[in-house]
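What the coordinates show
As a plain string of letters, each chain reads:
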Amino acid sequence: MFHSPVKRSDLSAQSLLHERYKTGDFLDCFSVESDLPPRRAAEIITAFPGWAMALLRLRGLLVTPFDLSTTGPDADDKLGIFPVEHDDRTEVIAGFNDRHLDFRVSVLSENGRISLATWVRRHNLGGHLYLAAILPFHILIARNALARVKSASADPKRS
């Protein structure tokens with residue numbers, strides 16, 4: 001049987017994402033053992049491997065006719081295309097609002113674990129359809145990202 005170090009988990013009570021969450025919003029969370037600081041883990045998470053970058057390029061082509069953002073808004077501090085809105089010693093939150101949905105990702109360090117949570121508020125049918133279409137890829141990318149965080153934690157030269 002396949003054993004993954006990445007586990008589905010509940011969002012920590014300490015996460016600032018709780019301030020955003022309302023009934024009907026999407027929220028998922030995965031975690032892995034790691035002693036990395038959240039900013040370093042977030043940098044690893046957003047350094048997508050080639051196959052994930054190919055999926056993001058395809059996404060960009062598919063959403064262009066709908067006038068959805070493919071690069072994120074301008075910001076002084078970004079992780080990938082995601083503007084950082086909060087960064088402290090325990091949690092980094094990044095993301096932005098778009099026409100079809102608002103989303104934020106949280107990378108939280110707590111008790112020797114890194115958690116990656118994604119919050120989404122859908123605004124319309126397009127947001128519902130978009131999330132349904134990308135969800136399998138989102139889970140695959142999130143789990144892979146945390147596996148890379150775990151690998152970097154195990155190999156100090158990689159972190």
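The notes below deal with the structure included here. Quick caveat: nothing in here was measured; it's all calculated off a predicted structure.

Things to note about the pairing of strand β6 (residues 101-110)
Taking burial as the measure, the 10 residues of β6 include 8 buried ones, the bulk of the element. Alignment of strand β5 (residues 91-97) against β6, held across 7 bridges, turns out to be antiparallel. Of the residues in β6, the one forming a bridge with V92 is V107. In this structure, the hairpin formed by β5 and β6 is closed by a connection of 3 residues. Judged from the 10 bridges that link them, β6 and strand β7 (residues 113-122) form a sheet pairing that is antiparallel. Following the sheet pairing, S109 is matched in β7 by I114. As consecutive antiparallel partners, β6 and β7 are separated by 2 residues, and within that stretch N111 has a phi angle of approximately 55 degrees, a positive value.

A word on the nonpolar core
Within the largest apolar cluster, 29 residues are counted, with the highest numbers of intra-cluster contacts made by I45, V107, I114, L116, L146 and V149. Of all elements in the fold, only β2 (26-33), α1 (38-45), β4 (82-87), β5, β6, β7 and α3 (125-154) reach the threshold of two or more residues within this core. Here the element with the most residues in this core is α3; it accounts for 7 residues.

Digging into the packing of α1 against α3
Where α1 contacts α3, the two axes come as close as 9 Å, and the packing angle between them is 125 degrees. Put simply, α1 runs oblique to α3. The hand of the α1/α3 crossing is right-handed. Listed contacts from α3 to A41, I44 and I45 of α1 are A145, L146, R148, V149 and A152. Counted by class, the contact of α1 with α3 contains 7 nonpolar, no polar and 1 charged residues.

Reading the values: the criteria
- Residues numbered from 1 in each chain as written.
- Predicted model: local features only at pLDDT ≥ 70, side-chain atom pairs only at ≥ 80, totals over all residues.
- Heavy atoms only, no water.
- Buried < 20%, exposed > 50% of the residue type's maximum accessible area, 1.4 Å probe, protein only.
- Helix = DSSP H or I, 4+ residues; strand = E, 2+ residues; numbered from the N terminus.
- Pairing = 2+ DSSP bridges.
- Core = buried A, V, L, I, M, F, W, Y, C linked by side-chain atoms within 4.5 Å.
- Axes fitted to C-alpha atoms, helices over the stretch in contact; angles between N-to-C directions.
- Parallel < 35°, antiparallel > 145°, perpendicular 65-115°, else oblique.
- Left-handed = near helix turned anticlockwise from the far one by under 90°.
- Contact = heavy atoms within 4.5 Å.
- Nonpolar A, V, L, I, M, F, W, Y, C, P; charged D, E, K, R; others polar.

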